[in-house]
Structures are given as structure tokens and as C-alpha cells.
Amino acid sequence: GPAAAAKPLPAAPEETSAAGLPPAEPEPAAPVSGQADESAQEEGQPTLPAEPESQDLVLFMTPLATTVAKGGRTQVTLMVSGGKGLDSGTVELRIDPKLKLVSADAGDFLTREKGALEQTAGANGSVKLRFGRGSATTDSGTLATLGLEGVAPGNAPVLIQGGSYLVKDNPIPARVVNALVTVE
């Protein structure tokens, strides 16, 4: 009697703990908690060194927001983070007609690696920046410095509209952060 009744009890907590595991597993993906480090050491570590090359490419502009007088000049810097291994590609910018692109100069992300930047104008205020690097060891830096001139008052976004980013001819995804220039 009682022994048989007691038997299912240990089994039930096991079942609930097993059921509780799958929801708990995605959590280590959030790099905030301490558990993330432990799980990274267990399973994730062999892939960790490769990840910045394949996963975390970010292109962002600085300053994110700036003001320029009509007829005045300002600079917006296109930065790269997580770009180790990135050896060539194209960034397509869309520059609001309230601004005029005066110059686009290669930054240290390129020049340090015997790289170059080539600028071609596209339709509707879009500009293609084609870049290449002789070597691809630098992880982050300035891709290009954009010289802009205020043409008409108002909000003038500078958008990274698209692009292709190649690591040994394999395209990798990138996250982008745009900038806003206010022309006064």
C-alpha cells in the first residue's frame, strides 16, 4: 500500500523539472546574466571566436544627430564595429535632398589595411561607397568621413539604405544605425 503510493511522488518533481528546462534554456543567450558565461563555456565556446566575423557587424554614424546652418558644412563619420575579416563591400547611403554630399574620404578602417574607398552617385540622392581592404584584421574604426553641406532647412536623414559586406566573397549581414542632420 503506502510504498506503492509514495513511488509516483519522486517521479512527478522530475517531470516538472524536465518540463521547466526548455523555457530556461533560451535565457543564456542573453549575455547579461551570469549563467550566460557558464553556458558559453560548456557549448558555445568553440564558436565564440568566429562570431564577431559572421554575426556582429554594425555600421553606425556619428554624431547620430547634428545641426548645420544652410550653406554650412558638417561631417558625419561612418563607423564599423565587428568588422574583422570584412575585406570588401558596398554601402548604399541615401542622403536627404536638404543636404549635399561634398566629400567621402576613406577612414582608418580602410587606410590602416591598405584599403580604398570609391564613391559613385546613384538615383534619388543615393550614393554608393565601394570599399576594399588589403588585409582584414582591424575589427572596428572609421569606414568613411562624409562631408555634408546644408542646402535647405529641415530634418535631413542620412540613411544606410543597404549594402553588401563580404568576408572572402561570402556576404554577411550587418546592422545599421542612421543619422539625422537638422539644417537650420
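Residues numbered from 1 in each chain as written. Predicted model: local features only at pLDDT ≥ 70, side-chain atom pairs only at ≥ 80, totals over all residues. Heavy atoms only, no water.

(A) Main features of the overall build of the protein. The helix and strand tally for the protein stands at five helices and twelve strands. Looking at the protein as a whole, 32% of its 184 residues qualify as buried. Accessible area of the protein: about 10,500 Å², with a carbon and sulfur share of 55%. (Helix = DSSP H or I, 4+ residues; strand = E, 2+ residues; numbered from the N terminus. Buried < 20%, exposed > 50% of the residue type's maximum accessible area, 1.4 Å probe, protein only. Areas by Shrake-Rupley, 256 points an atom, 1.4 Å probe, with all protein chains shown as cover.)

(B) Broad picture of the sheet that holds strand β8 (residues 141-150). Read from one edge of the open sheet, five strands run β5-β8-β3-β1-β11, paired in mixed fashion. Lying at the two open borders of the sheet, with one neighbouring strand each, are β5 (99-106) and β11 (175-177). Sheet twist, expressed as the mean angle between neighbouring strand axes with direction ignored, is 20°. Two strands pair when backbone bridges link them, and strand β1 (residues 58-62) and β11 are joined in this way by three bridges, in the parallel orientation. Note that in β11 the partner of Leu59 across the bridge is Val176. (Pairing = 2+ DSSP bridges. Axes fitted to C-alpha atoms, helices over the stretch in contact; angles between N-to-C directions.)

(C) Spatial organisation of the confidence of the model for the protein. Looking at the protein, pLDDT values average 82 and 70% of them are 70 or higher. In this model, residues 35-54 is a region of pLDDT below 50 whose contacts with residues beyond four sequence positions or in other chains number 16 contacts. (pLDDT = per-residue confidence, 0-100. Contact = heavy atoms within 4.5 Å.)

(D) Focus on the packing of aromatic side chains. The full count for this structure, using the stated rule, is zero aromatic pairs. Positioned over the ring face of Phe109 is Arg133, at 3.7 Å from the centre of the ring. (Phe/Tyr/Trp six-rings, centres within 6.5 Å; stacked < 30°, edge-to-face > 60°. Lys NZ or Arg CZ within 6 Å of the ring centre and 35° of its normal.)

(E) Examining the environment of Thr120 more closely. For Thr120, the position within the fold is in strand β6 (residues 116-121). For the pair Thr120 and Glu92, spaced 28 residues apart in sequence, the C-alpha to C-alpha distance is 9.6 Å. Non-local contacts of Thr120, meaning those with residues more than four positions away in its chain, are made with Val127 and Lys128.

(F) Quick peek at the pairing of strand β9 (residues 154-167). Two strands pair when backbone bridges link them, and strand β4 (residues 88-95) and β9 are joined in this way by eight bridges, in the antiparallel orientation. Each residue of the ladder has a partner; that of Val91, found in β9, is Gly163. Of the strand pairs in this sheet, β9 and strand β12 (residues 179-183) are connected by five bridges, and their pairing is antiparallel. Paired with Pro157 across the bridge in β12 is Leu180.

(G) Quick peek at the side chain of Thr138. Mapped onto the secondary structure, Thr138 falls in the loop between β7 (126-132) and β8. Residue Thr138 is classed as buried on the basis of its relative accessible area, which comes to 11%. In this structure, Thr138 is in contact with Gly83, Lys84, Phe109, Arg112, Glu113 and Arg133, ignoring residues within four places of it in sequence.

(H) Structural detail: unusual backbone geometry. The peptide bond linking Thr62 to Pro63 adopts the cis configuration, its omega dihedral lying at -5°. Position of Pro63 relative to the elements: it lies in the loop between β1 and β2 (65-68). Even without a glycine there, the phi angle at Lys168 is positive, about 50°. Among the secondary structure elements, Lys168 is positioned in the loop between β9 and β10 (170-171). For Asp169, which is not glycine, the phi dihedral falls at a positive 70°. Examined against the element boundaries, Asp169 turns out to sit in the loop between β9 and β10. Classification of Asp169 as exposed rests on a relative accessible area of 65%.

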